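# Geometric and topological summary
So the chains spell out like this:
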Amino acid sequence: MSYPGYPPAGGSYPPASGPYQQPMGGYPPQPGAYPPQGGCYPPQAGAYPPGAGYPPQAGGYPPQAGGYPPQAGGYPAAPGGGFPPQAGGYPAAQPGTYPNMPPAGQPGGGWGGQPGFGAPAGGMPQGYPGVPAPGQQPMPAYPGVPNPSMPGYGGGVPTGPSPQVNPAINRGYRGTIKDAPGADPLRDVEVLRKAMKGFGTDENAIIELLGNRSSKQRVPLLAAYKTTYGKDLFSDLKSELTGNFESLVLAMLKAPSRFDASELKEAIAGAGTDEACLIEILSSRSNAEIQEITRIYKAEYGKSLEDAIISDTSGHFRRLLVSLSQGNRDERETVDVSVAKQDAQKLYAAGANKVGTDESQFNAILCARSKPHLRQVFQEYQQMCGKEIEKSICSEMSGNLESGMVAVVKCIKNTPAYFAERLNKAMQGAGTKDRTLIRIMVSRSEVDMLDIRQEYLRLYGKSLYTTISGDTSGDYKKLLLKLCGGSD
C-alpha cells in the first residue's frame, strides 16, 4: 500500500518492507511509540492507538501520569531545540529521529535532508506546496501554480474583454511659479504704485513682484489697485512700459482663460489667421477650460468663438477647429485596447488603405476620443502599418489641415514635447515670434514648465533657459527667465 505524498523509500515513512514496520532511524524508535514495533497494524498493547480502550495504557500516547500538557517548567522549549522532554510528557526525541536533526548548512542538515521525511538529503520534501508529489494534485490557489480562475497567480488569463486601466500618474506639481506665502494684494499694489510713481519706472520691482506670484495672486491686483488708488492698473502699466516687456506683464495679469480668449481673438482678427495658435490652444486645454474660454469670448467680443472660426476658416480645417472648440472630448482615463485596435483600423482604412482620404473619420476619432485612448490608438496604428500616424497624415493631407492634424497628434502624444517644439520654432532663425513665446511661457508656467524644460533639453541638446537668454534681452528677458524657473 502506498501513501500519497509520502512514497516508500529506504529509511523513510512508511518502511520499505511490511505494511507498517519500523525502519532503522524511523519515527520515533522508542518502545511503545508510533509507529509500533514489529508486527502489523493495529499495534501491540501500549502502542497507538492503545491496545485496550481509551485513555491509553502506560507507555502509550498520550502518556499517563503527568502527560500532555506538560508539568511546570515545560513548554517553551528547553535549550538545544526540539520539543522539551519532560517527566511524563511528550517522549524525548532519540538521536536520528524527528525533530532532532543536523543543523542547516551541515551535510544532511535541514528538513529536506533528514532521513524518514520523504526527500533525499538537501531536497525539498515531497508534498510541499508548489512541488506536488507523485499522485498528488497541485494546490490550485497557491502562488506559482497555474490556475485559470486566478489571473494574479500563475499567469492565468481572465476570460472576456477587460478594459485596461491607465491611471494618471501623479508626479506632483510640475509648474515653476507657485503661490507666494503670505502675499497681500494691498501691499503688492503699493509696491507696483511706488515702482511707477515719479520720474522713471522701477522695472526690477515689477519683475520681482510679478515673477514671484501665481496667477491667482496676480489677477486680484487689478481690483485692489483700483480700490486703493482709483485708477486702472492696465492703463498705468501701459503708460509706463513698452514693447514685449509690456505685453508680457499685461499677459501675466490676465486670468488664464481670459488670456486664451484674447489670444484666440487676435489669432482670428489679426492680419491673417494664426492657425497654429488656434490649434495650440484648442488641442491642449481641458473641456472645462475650453468651455470657459468660449463663455468669455462671447461675453467680451459679442460673438461666439464657433462663429468666429467659421467666418475665418474653411473646409476640413474649419471642421477640425469647430470640433475642438466644443470642449466635449471624452476625458476618461480607462483604455479598452480592443476599441483602440478598431479605431486604428478605421484610421488605416480612411487614409493609407484607400484612394483618397476620409478626413471626417480622422476628425471624428482625433477630436472625440480621450487622450489616453488616442495614445493607445497611435501605438496600434504604428504596429499595424509600420509607420507613425503623423507620417500617414502628411502623405494623405496638405495645407492647414495637415499641419492642424499633425499638431493635434503631437499634442496628444506628448504635450510637453509639443510645447518644447513650439518654443524652439518661435526662437529659431531671424526674428522671434514673441507672441507665441509669451503665450506659452505664461500659460504653461503653472502647468508643466518643468516637463517642457526636460523635453527641450532632450530634443535640442541645450536648456530652454540658455535659448531664451540668447534670443531675448533686457527686462523682457529677466521676466521670461523668472517664468522659466531655472536652467537644466
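Quick caveat: nothing in here was measured; it's all calculated off a predicted structure.

## Concerning the confidence of the model for the chain
The pLDDT averaged across the chain works out to 78; a share of 64% of its residues lies at or above 70. In this model, residues 1–44 is a region of pLDDT below 50 whose contacts with residues beyond four sequence positions or in other chains number 69 contacts. A low-confidence stretch, residues 104–134 stays under pLDDT 50, and its non-local contacts, those more than four residues away or across chains, total 53 contacts.

## Digging into helix α6 (residues 243–252)
With seven of its 10 residues buried, α6 lies for the most part within the structure. Of all the residues in α6, the buried ones are F245, E246, L248, V249, L250, A251 and M252. Buried residues belonging to α6 abut α2 (203–210), α3 (215–218), α5 (233–240), α7 (256–269), α18 (434–444) and α21 (474–484).

## Describing helix α11 (residues 315–325)
Of the positions making up α11, those classed as buried are F317, L320, L321, V322, L324 and S325. The secondary structure elements touched by the buried residues of α11 are α8 (275–284), α9 (287–301), α10 (305–312), α13 (359–368) and α16 (399–413). Two residues or fewer after α11 comes G327, characterised by a positive phi angle close to 60°.

## Describing the packing of α8 against α16
Two elements in contact, α8 and α16, have axes separated by 10 Å at closest approach and are oriented at 30°. Here α8 is positioned roughly parallel relative to α16, judged by the angle of their axes. Viewed along their axes, α8 and α16 form a crossing whose handedness is right-handed. Contact with α8, carried on its side by E275, I279, S283 and S284, involves N400, G404, A407, V408 and C411 of α16 and no other residues of that element. For the contact of α8 with α16, the class distribution of residues is four nonpolar, four polar and one charged.

Calculation rules
- Residues numbered from 1 in each chain as written.
- Predicted model: local features only at pLDDT ≥ 70, side-chain atom pairs only at ≥ 80, totals over all residues.
- Heavy atoms only, no water.
- pLDDT = per-residue confidence, 0-100.
- Contact = heavy atoms within 4.5 Å.
- Buried < 20%, exposed > 50% of the residue type's maximum accessible area, 1.4 Å probe, protein only.
- Helix = DSSP H or I, 4+ residues; strand = E, 2+ residues; numbered from the N terminus.
- Axes fitted to C-alpha atoms, helices over the stretch in contact; angles between N-to-C directions.
- Parallel < 35°, antiparallel > 145°, perpendicular 65-115°, else oblique.
- Left-handed = near helix turned anticlockwise from the far one by under 90°.
- Nonpolar A, V, L, I, M, F, W, Y, C, P; charged D, E, K, R; others polar.

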